[in-house]
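# Structural features, examined
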Amino acid sequence: MIKIGAGNLNEVFEELEKEKGISKDVVISSLCDAMVAAYKKHLRLKEVQNVEAFLDEQSGEIGIFKGKTVVDHVEDEDNEISLAEAKEIDEDVELGDEVKLEVTPEQFGRIAAQAANQVLTQRIREAERNLVLNEFLEKKGTLITGIIQKIDDRRNVIVNIGKTDAIMPRKEQIPGEYYKPGNRIRVFVLNVKETTRLPQVIVSHAHPEIVRELFELEVPEIRDGIVEIKSISREAGSRTKMAVYTSDPGVDPVGACVGPRGTRVQAVVDELFDEKIDIISWSDRPEELVRSALSPAKTEKVFINEEEQ
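Residues numbered from 1 in each chain as written. Predicted model: local features only at pLDDT ≥ 70, side-chain atom pairs only at ≥ 80, totals over all residues. Heavy atoms only, no water.

### Observations regarding the overall build of the chain
Counting its secondary structure elements, the chain contains 9 helices and 13 strands. In terms of principal-axis extent, the alpha carbons of the chain reach across some 105 × 40 × 40 Å. Taken across its 309 residues, the chain has 37% of its residues classed as buried. In the chain, once contacts between residues fewer than 6 apart in sequence are set aside, the share between residues at least 24 apart is 57%. Side-chain charges in the chain split into 42 positive and 60 negative, and the spacing between the mean points of these groups amounts to 11 Å. (Helix = DSSP H or I, 4+ residues; strand = E, 2+ residues; numbered from the N terminus. Buried < 20%, exposed > 50% of the residue type's maximum accessible area, 1.4 Å probe, protein only. Contact = heavy atoms within 4.5 Å. Lys, Arg positive; Asp, Glu negative; His and termini not counted. Charge placed at Lys NZ, Arg CZ, Asp CG, Glu CD.)

In structure tokens, the structure reads:
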């Protein structure tokens, strides 16, 4: 057995789980795989059969063990062991059983440590990448809060969103707005791209759906399904038109979104850097919907082309 850590390794595993979100089982499995790989490389073996590494978490020792089948007459010394020899290891062993023999080479510690460090680092990065990828795939199409880190050379806004930094391309920014590093910002998760390193998360501050998400946060009637957002049209940084509807005759959908003294809509306006937001009532009749959408302009007559919609 080789000593790879002083004291109780559980503290190390707990720290990795806390800092990186990687479970102890993943770390131990990665470490044991790394040791087998180091053993294979050390002996210059192309194939290694029935070889496993086992870690004693309390002592911090790890060893390489090879499984051999118990037989009457040994024909394959690499994979078989006689019953008599097996009995010296385990008195209860029987023919056909498998016994595990420690095969950790002498002077293996330094070589194993180097190889194990490389493989373990790679596995931890893979596990971390998968954790981040799965987390943000679940958040795709939703609103998240981040902190602006910097503006890069291409004028992309880099936003820290927890376990990784997201990119807000110029086309997803509100025109004319200044994004100051250190400021908190709510952004819409537009896409998640898998890369060889950490996943690349693309966020937006100009997407129309960010308006929907913000109103869902501010208006209980929308969260509860009483008021429905039927349609949103947005010119980011200038104006948004949003049509709302309810089947409840006792609820004013526009008033619910505006809120007492305009507090709800103002909260959304503040988040979008004072972008104007017009809220109108949805109508199944195109003439009424168009007339409302054009408000505050007054319309004398609306002509609908039924064939071309």
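### Overview of the packing of helix H1 (residues 10-20) against helix H2 (residues 24-42)
When two helices pack together, you describe them by how their axes are tilted relative to each other and by the distance separating the axes. In the contact formed by H1 and H2, the axes pass within 9 Å of each other and the chain directions differ by 120°. H1 and H2 meet at a crossing whose hand is right-handed. Contact residues: H1 offers Asn10, Phe13, Leu16 and Glu17, while H2 offers Lys24, Val27 and Ile28. Here the residues of the contact of H1 with H2 are counted per class, giving 4 nonpolar, 1 polar and 2 charged. (Axes fitted to C-alpha atoms, helices over the stretch in contact; angles between N-to-C directions. Left-handed = near helix turned anticlockwise from the far one by under 90°. Nonpolar A, V, L, I, M, F, W, Y, C, P; charged D, E, K, R; others polar.)

### With respect to helix H8 (residues 263-271)
Within the sequence span of H8, burial applies to Arg264, Val265, Val268 and Val269. Buried positions in H8, seen along its axis, are confined to an arc of 135° and lie on one side of it. Backbone geometry just downstream of H8 places Phe273 in the positive-phi region, at approximately 55°. (Arc of directions from axis to C-beta.)

### A word on the packing of aromatic side chains
By the definition in use, this model includes 2 aromatic pairs. An angle of 70° between the planes, with centres 5.7 Å apart, marks the rings of Phe54 and Phe65 as edge-to-face. Taken together, the positions of Phe54 in strand E2 (residues 51-56) and Phe65 in strand E3 (residues 61-71) put the pair 11 residues apart, joining distant regions of the chain. Residue class for Phe54 comes out partly exposed when judged on its relative accessible area of 35%. Judged by relative accessible area, Phe65 falls into the buried class, the value being 18%. Lying over the aromatic face of Tyr245, Lys230 brings its terminal NZ or CZ to 5.4 Å of the ring centre. Stacked on the ring of Phe303, the Lys or Arg Lys301 has its end atom at 5.5 Å from the ring centre. (Phe/Tyr/Trp six-rings, centres within 6.5 Å; stacked < 30°, edge-to-face > 60°. Lys NZ or Arg CZ within 6 Å of the ring centre and 35° of its normal.)

### Description of the environment of Leu101
Relative to the helices and strands, Leu101 resides in strand E5 (residues 98-102). Residue Leu101 is classed as buried on the basis of its relative accessible area, which comes to 19%. C-alpha of Leu101 to C-alpha of Lys180: the two residues are 79 residues apart in sequence and 62 Å apart in space. When sequence neighbours within four positions are dropped, the list of residues in contact with Leu101 reads Ile64, Phe65, Lys66, Lys68, Ile81 and Ile89.

### Focus: the sheet that holds strand E6 (residues 143-151)
Taken in spatial order, the 5 strands close into a barrel running E6-E7-E8-E10-E9, and their pairing is mixed. Ignoring which end each strand starts from, the neighbouring axes of this sheet average 55° apart. Taken strand by strand, helix H5 (residues 209-218) contacts E6, strand E9 (184-193) and strand E10 (200-204), and its axis lies near 130° from that of E9. (Pairing = 2+ DSSP bridges.)

### Quick notes on the sheet that holds strand E11 (residues 228-235)
Here we have 3 strands laid out as an open sheet, ordered E11-E12-E13, and mixed in their pairing. Across the chains shown, the open sheet's two edge strands, defined by having one partner strand only, are E11 and strand E13 (276-281). Each strand axis lies, on average, 20° off the axis of its neighbour in the sheet, ignoring direction. Taken together, the 7 bridges between E11 and strand E12 (residues 239-245) define a ladder with antiparallel strand orientation. The residue bridging Ser233 from the neighbouring strand is Lys241, located in E12. Those strands touched by H5 are E11, E12 and E13, and its axis lies near 135° from that of E11. Packed onto the sheet, helix H9 (residues 286-294) meets E12 and E13 and runs at close to 155° relative to E13.

### A look at a negative patch on the surface
Together, Glu11, Glu14, Glu15, Glu17, Glu19 and Asp25 make up a negatively charged patch on the protein surface. Considering each element in turn, the negative patch owes the most residues, 5 residues, to H1. In this structure, Glu17 sits in helix H1. With a relative accessible area of 41%, Glu17 lands in the partly exposed category. (Patch = residues over 30% accessible without salt bridge, like charges linked within 9 Å, V, L, I, M, F, W, Y side chains within 5 Å. Areas by Shrake-Rupley, 256 points an atom, 1.4 Å probe, with all protein chains shown as cover. Salt bridge = Lys/Arg side-chain N within 4 Å of Asp/Glu carboxyl O.)

### A look at the environment of Ser247
Summarising the element assignment, Ser247 is placed in the loop between E12 and helix H7 (253-258). For the pair Ser247 and Val227, spaced 20 residues apart in sequence, the C-alpha separation works out to 7.9 Å.

### Things to note about the pattern of salt bridges
Enumeration over the complete set of coordinates arrives at 11 salt bridges. Between Glu135 and Lys163 there is a salt bridge whose closest N-O contact spans 3.6 Å. Residue Glu135 is found in helix H4 (residues 109-139), and its partner Lys163 is found in the loop between strand E7 (157-160) and strand E8 (165-168); the two are separated by 28 residues along the sequence. Overall, Lys163 belongs to the partly exposed group, its relative accessible area being 44%. Connected via shared salt-bridge partners are Glu52, Glu98 and Lys100.

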